[in-house]
Amino acid sequence: MDQQTEQDKLESIATPGVLDKYQNAGKIANVVLEKVITKLKPEADIASICAFGDQEINGELQKVYNKKGIEKGLAFPTTISVNQICGHYSPLKSESSQLAKGDVAKIELGVHIDGYIAIAAHTVVVGEDQVEGQKADVILAAYQSVQALFRSIKPGVTNTALTRIIQQIADDHKCTPLEGVLSHDVKRHFIDGNKVIINRETQEQRVDEEEIQVNDVFVLDVYITTGDGKTKESDVRTTVYKRALDRQYQLKTKHGRAFMQEVYDKYPSLCFSLRVFEDEITAKLAVQECAKHELLNPYPVLVSPNSIVAQFTITVAVLANSTLQVSGLKLDETKFKPVHDLNDAALKELLKLPMDKDSQKKRHLEQKQKA
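Residues numbered from 1 in each chain as written. Predicted model: local features only at pLDDT ≥ 70, side-chain atom pairs only at ≥ 80, totals over all residues. Heavy atoms only, no water.

**Thoughts on the environment of Glu128**
As for its placement among the helices and strands, Glu128 is situated in the loop between β4 (116–125) and β5 (131–132). The exposure class of Glu128 is partly exposed, given its relative accessible area of 29%. Counting along the chain gives 25 residues from Glu128 to Asp103, while the straight-line C-alpha distance between them is 9.1 Å. Excluding residues within four positions of it along the chain, Glu128 makes contact with Lys101, Gly102 and Lys135. (Helix = DSSP H or I, 4+ residues; strand = E, 2+ residues; numbered from the N terminus. Buried < 20%, exposed > 50% of the residue type's maximum accessible area, 1.4 Å probe, protein only. Contact = heavy atoms within 4.5 Å.)

Below, the structure written as structure tokens:
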């Protein structure tokens, strides 16, 4: 895989068959996400649900692309992060916790087919069919933001313009975009490409302005909080990792070498959880040795203290005259009664735009004629 990296970066959705692989990965992500949501009930065990999500992904993948030589698997393990926990919570069985009624739970997972990645995340309130107050505001702010980005991302639009949309919607709902979050473009085997959209711009955290291009595939990742937007690392164990592709080191211990060999074989470039390793104790020891020599990139469990965090993530493919949603579920907004409504008239109109291919092409043609 390492020898193919430059070629992988050149692959695009213009290459025959590539968009189909993205879309099939996205379909599986959505099917499994819906199944996981049905498991989110009071007193349900989080580690068990995460394991269920991963198993379902692998089961669905067995039904497609069974030609020899096509790799398939998890691009991101199932995580369920509750309330002030921002993300990446995929606990070991011995360190798990239970859901409670009223928890704001964020489910995230990812699928790849032949290295082509689809990520999706959705937020639900456990055991509540109708949601009011701050919970409704923060969830709607995150969902409306990702929907507005979907309707706005197109060739020539800048990443900074997209960041401003998130801020506008959060402001109307009296919430705050979370700091330190980036939406990345994805390429074959690469979950975090160099082109990014920052969730919230601050004096300390900025990105270079650049334009969206035809054939970009983006994971639009939006996090909104009822807090001040700042995060800190929690004391919860990090279990989600990705191999550091630019690092090589011959580990000294037998269990460390065996662990890394399994990572090379099963997760050569994408993310995994320590949950998948049968021997918890050995995995904990091995990951410490690997981390010491920087062979793995950690995804720590972050929190936005004394707040509620909502997340919605969709994967989109940018074509010349339309944008396709590859993954991500719809939210029934009628079940939410926020304290603060969206005020901006232009954003309200934007969110009403139909996103089927014909409607997008018609709008593209009209704009071209006006120009």
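**Describing the packing of aromatic side chains**
With the rule as written, the count across this model stands at eight aromatic pairs. Taking the centre distance of 5.2 Å and the plane angle of 70° together, the rings of Tyr143 and Phe312 count as edge-to-face. Residue Tyr143 is located in helix α4 (residues 133–152), and its partner Phe312 is located in strand β15 (residues 309–318); the two are separated by 169 residues in the primary sequence. You'll find Tyr143 and Phe312 in the same group, each marked buried. Counting every residue linked through ring pairs, the aromatic cluster contains Tyr241, Phe259, Tyr267, Phe272 and Phe277. (Phe/Tyr/Trp six-rings, centres within 6.5 Å; stacked < 30°, edge-to-face > 60°.)

**Points about the UniProt feature "domain: Peptidase M24" (unreviewed entry) in the protein chain**
What UniProt calls "domain: Peptidase M24" (unreviewed entry) maps, in this numbering, to residues 21–225. Counting secondary structure, residues 21–225 comes out at 33% helix and 26% strand; the distance between its end C-alpha atoms is 34 Å. (UniProt positions renumbered as here; feature names shortened; annotations may be inferred.)

**Here we look at helix α5 (residues 159–172)**
Since one α-helical turn is 3.6 residues long, residues separated by three or four positions face the same way. Here α5 contains 14 residues, and its C-alpha end-to-end distance of 21 Å stays within 8% of the 20 Å for a straight helix at 1.5 Å per residue. Of the positions making up α5, those classed as buried are Asn159, Thr160, Leu162, Thr163, Ile165, Ile166, Ile169, Ala170 and Asp172. For α5, the secondary structure elements touched by its buried residues are α4, β6 (176–177), β8 (196–198), β9 (217–225) and α8 (345–352). Looking one or two residues beyond α5, the residue adopting positive phi is Lys174, at roughly 55°. (Expected span 1.5 Å × (residues − 1).)

**Considering the nonpolar core**
Within soluble globular proteins, side chains that are nonpolar tend to cluster in buried spots. Counting residues in hydrophobic clusters, the biggest one holds 53 residues, and the most contacted among them are Ile13, Tyr22, Val36, Leu40, Ile80, Leu99 and Ile191. If you list the elements that add at least two residues to this core, you get α2 (18–38), α3 (46–61), β1 (72–82), β3 (104–113), β4, β9 and β16 (323–327). Broken down by element, this core gets its largest block of residues, nine residues, from α2. Looking at which domains feed residues into this core, each of domain 1 (3–237 + 300–369) and domain 2 (240–297) gives three or more. Aside from chain neighbours lying at most four places away, what touches Leu99 is Leu40, Lys41, Pro42, Glu43, Ala44, Ile46, Ile49, Ile80, Val82 and Val126. (Core = buried A, V, L, I, M, F, W, Y, C linked by side-chain atoms within 4.5 Å. Domains from an automatic or database assignment.)

**Considering the domain arrangement of the protein chain**
As a measure of interface size, the accessible area lost when the parts come together is often cited. If you check the domain split of the protein chain, you get domain 1 (3–237 + 300–369) and domain 2 (240–297). Contact residues are listed per partner, giving 25 residues for domain 1 and 14 residues for domain 2. Both faces considered, domain 1 and domain 2 share a buried interface measuring about 1400 Å² in area, 61% of it formed by carbon and sulfur atoms. Area buried by domain 1 at its contact with domain 2 is led by Pro77, Leu92 and His189, which between them contribute 31% of it. (Buried area = accessible area lost by both parts, 1.4 Å probe.)

**Remarks on the packing of α2 against α3**
For the pair α2 and α3, the least separation of the axes is 9 Å and the interaxial angle reads 145°. The crossing of α2 and α3 is right-handed. Where α2 abuts α3, its residues Ile28, Val31, Val32, Lys35 and Val36 lie against Ile49, Phe52, Gly53, Glu56, Ile57, Glu60 and Leu61. Residues that form the contact of α2 with α3 fall into these classes: eight nonpolar, one polar and three charged. (Axes fitted to C-alpha atoms, helices over the stretch in contact; angles between N-to-C directions. Left-handed = near helix turned anticlockwise from the far one by under 90°. Nonpolar A, V, L, I, M, F, W, Y, C, P; charged D, E, K, R; others polar.)

**Digging into the sheet that holds strand β14 (residues 302–303)**
In sheet architecture, strand pairing relies on hydrogen bonds along the backbone and comes in two forms, parallel and antiparallel. If you trace the three strands from one edge of the open sheet to the other, you get β2-β14-β10, paired in antiparallel fashion. Each edge of the open sheet carries a strand with a single partner, namely β2 (85–87) and β10 (232–233). Across two bridges, the pairing between β10 and β14 is antiparallel. Bridging across to β14, Glu233 finds its partner in Leu302. (Pairing = 2+ DSSP bridges.)

**Structural notes on α2**
With 21 residues, α2 extends 31 Å between its outermost C-alpha atoms, agreeing within 8% with the 30 Å of an ideal straight helix rising 1.5 Å per residue. Residues of α2 that are buried include every one of Val18, Leu19, Lys21, Tyr22, Ala25, Gly26, Ile28, Ala29, Asn30, Val32, Leu33 and Val36, and no others.

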